[in-house]
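Coordinates in review
Each chain, letter by letter, is given below.
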Amino acid sequence: MLKKLLGFDPVTMTLRTESIAGITTFLTMSYILAVNTSILSSTGMDKGAVFTATALATALSTLLLAFMAKLPLAQAPSMGINAFFAFTLVQGMGYPWQVAMAALFVEGLIFILITFFNVREVVLNSIPATLRYAISVGIGMFIAFIGLKNAGIIVSDPATFVTFGPFTPVSVLALVGILLSGLLVVKQVKGALFYSILICTLIGIPLGVTTIPEGFLPISTPHSLAPTFCQFDFSQLFTLDMAVIIFTLLFMDMFDTIGTLVALTYRIGIVKENGEIPRAKETMLADAIGSTFGAILGCSTITTYLESASGVAEGGRSGFTSLVTGGMFILAIFFAPIFLLIPGAATTGALVLVGVFMMESITRIDMKNIAEALPAFITIITMVLTYSVANGIILGMLCYVLLKLGTGRHREVSPTMYVLSVLFLLKFIFT
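For the structure given in this document, a descriptive report is provided here. (Residues numbered from 1 in each chain as written. Predicted model: local features only at pLDDT ≥ 70, side-chain atom pairs only at ≥ 80, totals over all residues. Heavy atoms only, no water.)

**Observations regarding the overall build of the protein**
The test is simple: Comment: elements are numbered from the N terminus, with helices defined as DSSP H or I runs of at least four residues and strands as E runs of at least two. All radius of gyration figures rest on C-alpha atoms, and the globule criterion is 2.2 Å times the number of residues raised to 0.38. Residue burial is assigned from relative accessible area. The probe radius is 1.4 Å, only protein chains are included, and a residue is buried under 20% of its type maximum, exposed over 50%, and partly exposed in between. Should any heavy atoms of two residues lie within 4.5 Å, those residues are considered in contact. Values of accessible area rely on a 1.4 Å probe in the Shrake-Rupley scheme; residue burial ignores everything except the protein chains shown. None of His or the chain ends enter the tally, which takes Lys and Arg as positive and Asp and Glu as negative. Charge coordinates come from a single atom per side chain, which is NZ of Lys, CZ of Arg, CG of Asp or CD of Glu.
Helix and strand content of the protein: 19 helices and 4 strands. For a compact globule of 431 residues, the expected C-alpha radius of gyration is about 22 Å, and the protein comes in at 21 Å, within 12% of that figure. In terms of principal-axis extent, the alpha carbons of the protein reach across some 65 × 60 × 45 Å. A burial count over the protein gives 54% of its 431 residues as buried. If you take every contact in the protein between residues at least 6 apart in sequence, the share linking residues at least 24 apart comes to 80%. Surface accessibility of the protein: about 18100 Å² in total, with carbon and sulfur atoms responsible for 69%. Of the side-chain charges in the protein, 21 are positive and 21 negative, and the distance between the mean point of each set is 7 Å.

**Topic: the pattern of salt bridges**
Keep this limit in mind: Put simply, a salt bridge is a Lys or Arg side-chain nitrogen that is within 4 Å of an Asp or Glu carboxyl oxygen.
Under the criterion given, the structure shown has 3 salt bridges. Among the ionic pairs, K404 bridges to E412, the shortest N-O distance being 2.8 Å. With a relative accessible area of 1%, K404 lands in the buried category. Residues E412 and R409 are paired through a salt bridge, measuring 3.1 Å at the closest nitrogen-oxygen approach. According to the relative accessible area criterion, E412 is partly exposed, its value standing at 45%. Taken together, the shared-partner salt bridges in this structure form one network comprising E372, K404, R409 and E412.

**Considering the packing of aromatic side chains**
Threshold: Only Phe, Tyr and Trp rings are paired, with Trp represented by its six-membered ring, and only when their centres lie within 6.5 Å; those with planes under 30 degrees apart are stacked, over 60 edge-to-face, the remainder tilted.
What the rule picks out here adds up to 9 aromatic pairs. Ring geometry for F116 versus F117: centroids 5.2 Å apart, planes at 90 degrees, classification edge-to-face. With centroids separated by 5.5 Å and ring planes inclined at 65 degrees, the aromatic side chains of F194 and Y195 adopt a geometry described as edge-to-face. Take F194: its relative accessible area is 17%, and that puts it in the buried class.

**A word on the packing of helix α9 (residues 169-186) against helix α10 (residues 192-207)**
To keep it simple, the criterion reads: Lines fitted to C-alpha atoms define the axes here, with helix axes fitted over just the stretch in contact, and angles between the N-to-C directions of these axes take values from 0 to 180 degrees. Note that the term roughly parallel is reserved for angles under 35 degrees, roughly antiparallel for angles over 145, roughly perpendicular for angles of 65 to 115, and oblique for everything else. When the near helix sits turned anticlockwise from the far one by under a right angle, the crossing is termed left-handed; a clockwise turn instead gives a right-handed crossing. Here the nonpolar group is Ala, Val, Leu, Ile, Met, Phe, Trp, Tyr, Cys and Pro; Asp, Glu, Lys and Arg are the charged ones; every other residue, Gly included, is treated as polar.
For the pair α9 and α10, the least separation of the axes is 9 Å and the interaxial angle reads 150 degrees. Regarding the angle of α9 to α10, the classification is roughly antiparallel. Viewed along their axes, α9 and α10 form a crossing whose handedness is right-handed. From α9, P169, L173, V176, G177, L180, S181, L184 and V185 reach across to α10, where they touch A192, L193, Y195, S196, I199, C200, I203, G204 and L207. Looking at the contact of α9 with α10 residue by residue, the classes come out as 13 nonpolar, 4 polar and no charged.

**Some points on the environment of Y400**
Among the structural elements, Y400 can be located in helix α18 (residues 389-406). Along the primary structure Y400 and L131 are separated by 269 residues, whereas in three dimensions their C-alpha atoms are 8.5 Å apart. For Y400, the contacting residues outside a window of four places in its chain are P128, L131, A371, E372, P375, E412, V413 and M417.

**Here's the deal with the pairing of strand β2 (residues 154-157)**
Basically, it comes down to this: Note on pairing: DSSP must find at least two bridges between two strands before they are called paired.
Of the pairings in the sheet, the one linking β2 to strand β3 (residues 161-164) comprises 4 bridges and is antiparallel in character. Paired with D157 across the strands is F161, a residue of β3. Hairpin connection from β2 to β3: 3 residues lie between these consecutive antiparallel strands.

**Looking at the side chain of S78**
As a reminder, the rule being used: Throughout this description, a polar contact denotes any pair of N or O atoms lying within 3.5 Å of each other; where both atoms belong to protein, one of them has to be capable of donating a hydrogen while the other can accept it, and for residues adjacent in sequence the pair is counted only when both atoms sit in side chains.
Along the chain, the position of S78 falls in the loop between β1 (75-77) and α5 (81-90). The class of S78 is buried, set by a relative accessible area of 1%. A distance of 3.2 Å separates the side chain of S78 from the backbone nitrogen of G80, its partner in a polar contact. Leave out the neighbours within four places in its chain, and S78 touches D256, T301, I302, T303 and Y305.

Written as structure tokens, this is what we have:
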């Protein structure tokens, strides 16, 4: 039965190994419960409801992946898209979080359709590899910058725009978190980011950064989803701005999931000789369904997590590993008081290290070829300097297309890229 439902082969696998792998994956990626809650609640969303939504959406999508794809992978809110949601759509563009959540919901529905009808390959193949790598790097740098800014390590300055901030209990705790996260990762401690956040939360008590409420108990009934459940505002849906936003979300979700899936399946050793990834469609579909239900609950878009590699390294090879990981996230809902104690400064180390991990893709960009390097550079730097993932993607694509046209290499640009470039230009003209 386990083989049919979860791909568990009793001849080559053991329940003990798969269970340990599932717990390892949970410890490695459980930092998302604190980080995603901190990021989304900065928009005005109820912190308790966001925590419950994050845990449930993560558990649901991971369990779907266990039964649909039968792979030892886990899914959780994307560390790029949650930043795009909070800091670009809400704080940058001024949309209420209910409008932004409606965009996530629509994007999830579209992702289900294009996955079901295999349209995603058309879009995927139309985007040059250089821009795919640059987007990953840019999002990583953007996430790290957000962590540094929110902790007061980087502050605004009238003369230089940004500068090094003063030493305060918050910034000192964040700096300790960065060093501690790096140390634990170098030491190859499983769950390094989770332990870093936990230790920094404890250090924050004497510093006055972590505040413990009266009558604190580590276990409680789950926080209500009512403040975020189905809180959609579709009033801005049929606008050019929203069309670009939904495409950007779709684009980020698609490449985030595909890039991670390729890396992990090669590590598991199940990729076929022709490069085909078994059960890729099922994995993408679990992602899309999880994202849609996540938006309904009040959570940002779901994606497959690279942290799943920790479970794979422990010997996880079937959906049973994902089943255990999903079950752990359900249990975490009852420990919300502990996770909600975590101050934003304690998550800075995790945000910076995620940025470091995502920098890996820069080595795949041909920096000696300016026609490739300049669009990549524009994508990366404008994401950070304009405080917008969308602007980085748009400007990088436009730069790529214009360079190809200007050098007589227009045949190297796909028709889809031309269409997208026209839409992006219209966005800048009319918004």
